[in-house]
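# Analysis of the macromolecular model
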There are 2 protein chains.
Amino acid sequence: MPLLVVGSVALDSIETPSEKRENILGGSAVHFSYAASYFAPVRLVGVVGEDWPQEHTQLLQSRNIDTAGLQIVEGGQTFTWRGRYLPNMNDRETLDVQLNVFGEFDPVLPEQYKHCKYVFLANGSPRVQLNVLDQVGGAHLSVADTMDLWIKTERDALNELLKRVDGLVLNDSEAKLLTGDENLVRAGHQVREMGPKFVVIKKGEHGAMFFSQFETYVLPAYPTDRVFDPTGAGDSFAGGMMGYMAEKDDFEPKTLKEAMAYGILVASFQVEDFGLDRMKQVTREDLDQRMEEYKQMLTF
Amino acid sequence: MPLLVVGSVALDSIETPSEKRENILGGSAVHFSYAASYFAPVRLVGVVGEDWPQEHTQLLQSRNIDTAGLQIVEGGQTFTWRGRYLPNMNDRETLDVQLNVFGEFDPVLPEQYKHCKYVFLANGSPRVQLNVLDQVGGAHLSVADTMDLWIKTERDALNELLKRVDGLVLNDSEAKLLTGDENLVRAGHQVREMGPKFVVIKKGEHGAMFFSQFETYVLPAYPTDRVFDPTGAGDSFAGGMMGYMAEKDDFEPKTLKEAMAYGILVASFQVEDFGLDRMKQVTREDLDQRMEEYKQMLTF
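Residues numbered from 1 in each chain as written. Chains lettered and ligands numbered in written order. Predicted model: local features only at pLDDT ≥ 70, side-chain atom pairs only at ≥ 80, totals over all residues. Heavy atoms only, no water.

All names here are of chain A. In this structure the tally under the stated criterion is 38 salt bridges over all chains. Across the pair E111 and K114 runs a salt bridge whose closest N-O atoms are separated by 3.4 Å. For E111, a relative accessible area of 54% translates into the label exposed. Through salt bridges with shared partners, a single network forms among R226, E272, R278 and R290. (Salt bridge = Lys/Arg side-chain N within 4 Å of Asp/Glu carboxyl O. Buried < 20%, exposed > 50% of the residue type's maximum accessible area, 1.4 Å probe, protein only.)

Structure follows, in structure tokens:
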């Protein structure tokens, strides 16, 4: 089943303790799309400026990612983010952000996108996310991401969004901020009671937790000693998860748990190099082989 | 198989954001012993003062914990620790420590303890831990815990200890401190290369990691919304782990992984109330039932 994603498309400049990269392909919708493309056809909605390298579009298209929804603004500049990771490779500081054309992002879905059964609203203003939901009335499964900025500044719109999406994906510190509860198990269920049928809390190097009315579980991250660039890991996780759900096209608890595991494994590859460099080498067979190792690890 | 533990026996005073307790039974050897007692007979070596309530000894004995090695120093006072947990229930500040008789702890093993096949050297000075190892030449499996203090102040003795024990259990921040590496997968293997055949890194609410020459894996913590007092969780984990190993009395990889899982589950009960209050209610059947839920959680 095709999968729609609406979110940021960016040029990232990244510094780690050992290396740096300038203006590499990034953004939440890009990392999500690439990860999801292992499992299902993807339809991307985003906006870039006239500085956007055409080769990036070609890379996405080569992965069965439909870019008809990628708007190019003449005279505009693409969203840029510059960040530096601390030695723990987990904490980072944002050195510079230029929203550019993304600051005025008002997504208009191509007609052929409006009937996608699976919809992911990548991190963005909840007003924009609601606007997208209004355009895809028929979605069977809508999942949103959010961040601390919206929790602090657009709480009313976020609350409305939570009542309308099927799932919410957010990280551990955001779940604590949203609920005021430091215990992640309680926080996850409290977020769920705000509206979504299920909630996923991302814990970075510690894995991810799942909450529904009937289930609470946690899966660990795949242990890797190769962490070169964590940028996009959360979106990559969400892309792997929803891509697998779209591939299987059912809502069985087993499917959701497998989807979580695929999300974790795609993210474990994502961090192994800068930007999409590692992902460009990874095949579906690599994912499936790591899945076998992962299942083995959790079996005793 | 009987299991020997040498470590602290203490009276703890604990404050959490919601409650406090004064002078409750604690200490690394106590939490370890109680957890291990679900699986194997335990022989405890420690020291207390004349203020030590006899009822604590009776409680331990009621759990098949041999207290012949619990020395009572006339005129001395028991080790006390006072701490306060921050709202995240993970970070804590030590408000007061009185080593008292534990400051002069020079363990002398009762003759009948010296042939224990399984030995746990709870957190303590590596010089004292080496002294114990000298007394139990015939141990088949010796495992030590350590802490930041010894890593910083007794590195030479710690290095010698690492060459002599079969396993080391330490927490994530200690593993990073000991190796200078922020990546836990690399850090775990680096500690292993310092001597132990296996290393276990405790990650608190995020579970635990295992490292041997042949295996690297991580198991998540059991997700619980009841965290009332994390004191002793690490020792409880080690007790559950080694208790199960002593019960099974083999060194198969499967046994070690099951032992890790039991450690995680005993610790998940331990934190559900102050001191040993929750453990006093928990039966082996409760542990086995939670094990079934835990295995189910990790199966997909």
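Having seen the model, we can carry on.
Counting residues at the interface gives 33 residues for chain A and 33 residues for chain B. For the pair chain A and chain B, the two sides together bury roughly 2700 Å², of which 66% comes from carbon and sulfur. Applying the counting rule to chain A against chain B returns zero salt bridges. Where chain A packs against chain B, one counts 12 residue pairs in polar contact (both at pLDDT 80 or more). Elements supplying a minimum of two residues to the side of chain A that touches chain B: α7 (184–192), β13 (216–219), α9 (253–270) and α10 (284–297) of chain A. In the side of chain A that touches chain B, the residues fall into 17 nonpolar, seven polar and nine charged. (Contact = heavy atoms within 4.5 Å. Buried area = accessible area lost by both parts, 1.4 Å probe. Polar contact = N/O pair within 3.5 Å; in protein donor to acceptor, adjacent residues only side chain to side chain. Helix = DSSP H or I, 4+ residues; strand = E, 2+ residues; numbered from the N terminus. Nonpolar A, V, L, I, M, F, W, Y, C, P; charged D, E, K, R; others polar.)

This part takes up the relation of the copies chain A and chain B. Turning chain A through 180° and shifting it by 0.0 Å along the axis lays it on chain B, with an RMSD of 0.0 Å. Look at the turn and shift together and you get a two-fold axis relating the two. Comparing interface residues between copies, 100% of those in chain A also lie at the interface in chain B; the contact surface is shared. (Least-squares fit on C-alpha atoms with pLDDT ≥ 70 in both.)

Here the focus is unusual backbone geometry. Residues and elements named next belong to chain B. Non-glycine residue N23 carries a positive phi angle of around 50°. For M89, which is not glycine, the phi dihedral falls at a positive 60°. One can find M89 in the loop between β6 (79–85) and β7 (92–98).

This paragraph deals with the nonpolar core. Formed by 198 residues in total, the largest nonpolar core has its most connected members in L219(A), Y294(A), L219(B) and Y294(B). Leave out the neighbours within four places in its chain, and L219(B) touches M297(A), L298(A), F300(A), H206(B), G207(B), A208(B), K257(B), M260(B), A261(B), I264(B), Y294(B) and L298(B). (Core = buried A, V, L, I, M, F, W, Y, C linked by side-chain atoms within 4.5 Å.)

Right, let's talk about the packing of aromatic side chains for a bit. What characterises a pair of aromatic rings is the spacing of the ring centres plus the angle enclosed by the ring planes. Under the criterion given, the structure shown has 24 aromatic pairs over all chains. Residues Y294(A) and F300(B) carry aromatic rings whose centres are separated by 6.3 Å and whose planes lie at 45° to one another, so their mutual orientation is tilted. A residue pair is termed interchain when its members come from two chains, as with Y294(A) in helix α10 and F300(B) in the segment after α10 (284–297). Per residue, the accessibility class of Y294(A) equals that of F300(B), and both read buried. A ring pair is formed by F39(B) and Y244(B), whose centres lie 6.0 Å apart and whose planes are at 90°; its orientation type is edge-to-face. (Phe/Tyr/Trp six-rings, centres within 6.5 Å; stacked < 30°, edge-to-face > 60°.)

Here we come to helix α2 (residues 54–62) of chain A. Each full turn of the α-helix corresponds to 3.6 residues, which orients residues three or four apart in the same direction. All names here are of chain A. When α2 is considered as a whole, its buried residues turn out to be H56, T57, L59 and L60. End-on view of α2: buried residues confined to an arc of 160°, all on one side of the axis. Counted as exposed and oriented over 90 degrees from the buried face of α2: E55 and S62. Packed against the buried residues of α2 are β2 (10–15), β3 (20–26), α1 (28–36), β4 (42–49) and β5 (65–73). Within two residues after α2, N64 carries a phi angle of roughly 65°, on the positive side. (Arc of directions from axis to C-beta.)

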